[in-house]
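# Coordinate inspection notes
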Amino acid sequence: MPQGIPIAAAAPTLSAADTGFMLICSALVMVMTPGLAFFYGGMVRVKSTLNMLMMSFISLGIVTVLWVLYGFSAAFGTDHGSLIGWSSHYVGLSGIGLTQLWPGYTIPVYVFAVFQLMFAIITPALISGALADRVKFSAWALFITLWVTLVYFPVAHWVWGTGGWAFDLGVIDFAGGTAVHINAGAAALGVILVIGKRVGFKKDLMRPHSLPLVMLGAALLWFGWFGFNAGSWLGNDDGVGALMFVNTQVATAAAMLAWLAYEKIRHGAFTTLGAASGAVAGLVAITPSGGSCSPLGAIAIGAIAGLVCAMAVGLKYRFGYDDSLDVVGVHLVGGILGSVLIGFFATGGGQSDAKGLFYGGGLTQLWKQLAGVGAVFAYSLVASAVLAFLIDKAMGMRVSEDDEVSGIDQVEHAETAYDFSGAGGGAALRSVQHAAAALAQASTQNKKVDA
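Conventions we followed
- Residues numbered from 1 in each chain as written.
- Predicted model: local features only at pLDDT ≥ 70, side-chain atom pairs only at ≥ 80, totals over all residues.
- Heavy atoms only, no water.
- Axes fitted to C-alpha atoms, helices over the stretch in contact; angles between N-to-C directions.
- Helix = DSSP H or I, 4+ residues; strand = E, 2+ residues; numbered from the N terminus.
- Left-handed = near helix turned anticlockwise from the far one by under 90°.
- Contact = heavy atoms within 4.5 Å.
- Nonpolar A, V, L, I, M, F, W, Y, C, P; charged D, E, K, R; others polar.
- Polar contact = N/O pair within 3.5 Å; in protein donor to acceptor, adjacent residues only side chain to side chain.
- Parallel < 35°, antiparallel > 145°, perpendicular 65-115°, else oblique.
- 1 Å grid on protein atoms, 1.4 Å probe; cavity = no way out; pocket = protein on both sides within 12 Å on 5 of 7 lines; lining within 4 Å.
- Points joined across faces, edges and corners; volume = space filled by probe spheres on them.
- Expected span 1.5 Å × (residues − 1).
- Core = buried A, V, L, I, M, F, W, Y, C linked by side-chain atoms within 4.5 Å.
- Buried < 20%, exposed > 50% of the residue type's maximum accessible area, 1.4 Å probe, protein only.
- Salt bridge = Lys/Arg side-chain N within 4 Å of Asp/Glu carboxyl O.
- Patch = residues over 30% accessible without salt bridge, like charges linked within 9 Å, V, L, I, M, F, W, Y side chains within 5 Å.
- Areas by Shrake-Rupley, 256 points an atom, 1.4 Å probe, with all protein chains shown as cover.

## Focus on the packing of helix H7 (residues 211–230) against helix H8 (residues 240–267)
- With their axes 9 Å apart at the nearest point, H7 and H8 run at an angle of 145 degrees to one another. Regarding H7 and H8, the two cross each other, and that crossing is right-handed. Contact residues: H7 offers Trp222, Phe226, Asn229 and Ala230, while H8 offers Gly241, Met244, Phe245, Thr248, Gln249, Thr252 and Ala253.
- For the contact of H7 with H8, the per-class residue count stands at six nonpolar, five polar and no charged.

This is the structure in structure tokens:
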């Protein structure tokens, strides 16, 4: 993503076309957060559906206010020590003129600020999928507040802010492989190592309650991701945004096919959950790399991500960490792959002249990518674990075991996702409940007989 690099030609003037394009892209990125809510909401058990939706939606509220107050200034203000930004006229977005341009570009500062806001909103929402079924909503809201302040805003400055150390080093991250996906995936791992496993992890069946909802969420994510990726060039007068648009589609398709092929070979079936997860893995991997590779490179990056992420989601059972909805397996692993593979597939003919190993560039760009990946991973992992530990000690991060078993929706939100009592289905519902009770009683009797 370009960040206010002055161009050699005459000073730019405000472009209505670029401004309109970026406002549309901002709206597309915004709709990704509700899409993520549906994606995650369908993957959990029915008793946690609303909580999962709310864990994404609350980010729209909290992060928006913080971004206006100080977040934009911290991420994109004047650099201080290559670690954080700050500009007083960005505080409260109060010192910005209506037609004041983002340096070097043809869009107003307000437009750049709102586009970047949508990135800041979805990043903590991504973390929520790892914590499904067991986190207090108030604790989650506090975690978002502290995490974006202490982790996201500084990391965004490192990667995209003028003067940020990763930006100056030459780490390529077109739209958020490090700042968004590795950042969120490492944070998810840090928090779940602190709060522990769900009740019944590796014992009870925890299947998605609504695969159509998952597919709807995945479709909204795929749609919105075009704004997420193509919009990150802040205009398209040189074709780089168009290249990113094409590569976003290509890599996502390749990743979905690779994931499904792995499933068929490994498990004997093509699943809808695998198709949705594979598509998201491809979207994650192409996010940092799509502006620097060719469409053929995008196919390779997507296929690698689909295969490796499909394998990585099983690591939680091997190592015993409870990543409820595979945030680590998809976003962390996919983000690492997409960022590192730039060091191999960068052509030098896209967003910059940096070339990867396969195009005669040697290992120079690869080492830069590894430095960026390693630093963001380590900082986010440690800082997120510390925040979760402190919140847990202060107010308790988890609901009680009884509340978790009975259902977090009713406990935390006093609602349920589906209520058939007013739809003429009361008798049918009672019949189902009676049948379930009878099956449970029969199972208990069988166990007694076996004993």
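## Details of the environment of Thr252
- Assignment of secondary structure puts Thr252 in helix H8.
- Distance from Thr252 to Phe345, taken between C-alpha atoms, is 17 Å for residues 93 residues apart in sequence.
- In this structure, Thr252 is in contact with Trp222, Ala279, Gly282 and Leu283, ignoring residues within four places of it in sequence.
- At 2.6 Å, the side chain of Thr252 and the backbone oxygen of Thr248 are in polar contact.

## A word on the packing of helix H12 (residues 327–340) against helix H14 (residues 364–395)
- Packing of H12 against H14 brings their axes to within 9 Å, and their N-to-C directions diverge by 155 degrees. Comparing the axis directions of H12 and H14 gives the class roughly antiparallel. As for the relative orientation of H12 and H14, their crossing is right-handed in sense. From H12, Leu332, Ile336, Ser339 and Val340 reach across to H14, where they touch Leu366, Gln369, Leu370, Val373 and Phe377.

## Regarding the layout of surface pockets
- Roughly 940 Å³ of internal volume is contained in the largest pocket.
- What lines the largest pocket is a set of 38 residues, among which Leu273, Val313, Lys316, Tyr317 and Asp326 lie closest to the centre.
- Looking at the lining of the largest pocket, the elements that each hand over two or more residues are helix H1 (16–43), H8, helix H9 (272–289), helix H10 (295–312), helix H11 (315–319) and H12.
- The leading source of residues in the lining of the largest pocket is H8, at five residues.
- Of the residues assigned to the lining of the largest pocket, the class counts are 20 nonpolar, seven polar and eleven charged.

## With respect to H8
- If you check H8, its first and last C-alpha atoms are 39 Å apart, about what 28 residues at 1.5 Å a residue would give, namely 40 Å.
- Gly268, located one to two residues past H8, shows a positive phi value of around 85 degrees.

## Things to note about the nonpolar core
- The biggest cluster of nonpolar side chains holds 123 residues, and the ones touching the most others in it are Phe72, Trp102 and Leu131.
- Here the element with the most residues in this core is helix H4 (residues 137–160); it accounts for 15 residues.
- Apart from residues lying up to four places away in sequence, Phe72 is in contact with Trp67, Gly77, Tyr90, Leu93, Trp102, Val109, Phe112 and Ala113.

## Overview of the pattern of salt bridges
- Tallied over the full model, the rule gives five salt bridges.
- Because the salt bridges share partners, they merge into one network encompassing Arg45, Asp133, Arg198 and Asp322.

## Points about a nonpolar patch on the surface
- On the surface, Leu357, Phe358, Tyr359, Leu363, Trp367 and Leu370 cluster together to form a nonpolar patch covering roughly 590 Å² of accessible area.
- Relative to the elements of secondary structure, Leu357 occurs in the loop between helix H13 (342–345) and H14.
- A relative accessible area of 35% places Leu357 in the partly exposed class.

## Some points on the side chain of His413
- Structurally, His413 is set in helix H16 (residues 408–413).
- A residue is classified by how much of its surface remains accessible, and His413, at 14% relative accessible area, is buried.
- Within the local environment of His413, its side chain forms a polar contact with the side chain of Asn51, the two groups lying 3.0 Å apart.
- In this structure, His413 is in contact with Leu50, Asn51, Met54, Phe137 and Ile408, ignoring residues within four places of it in sequence.

## Overview of unusual backbone geometry
- Backbone geometry places Ser82, a non-glycine residue, at a positive phi of 65 degrees.
- With respect to the helices and strands, the residue Ser82 is situated in the loop between strand E1 (79–80) and strand E2 (84–85).
- Exposure remark for Ser82: the relative accessible area of 23% places this residue in the partly exposed category.
- Its identity is not glycine, yet Lys202 carries a phi of approximately 70 degrees, on the positive side.
- For Lys202, the location among the structural elements is in the loop between helix H6 (177–195) and H7.
- For Lys202, a relative accessible area of 51% puts it in the exposed group.

Taken by themselves, the reported measurements are silent on function.
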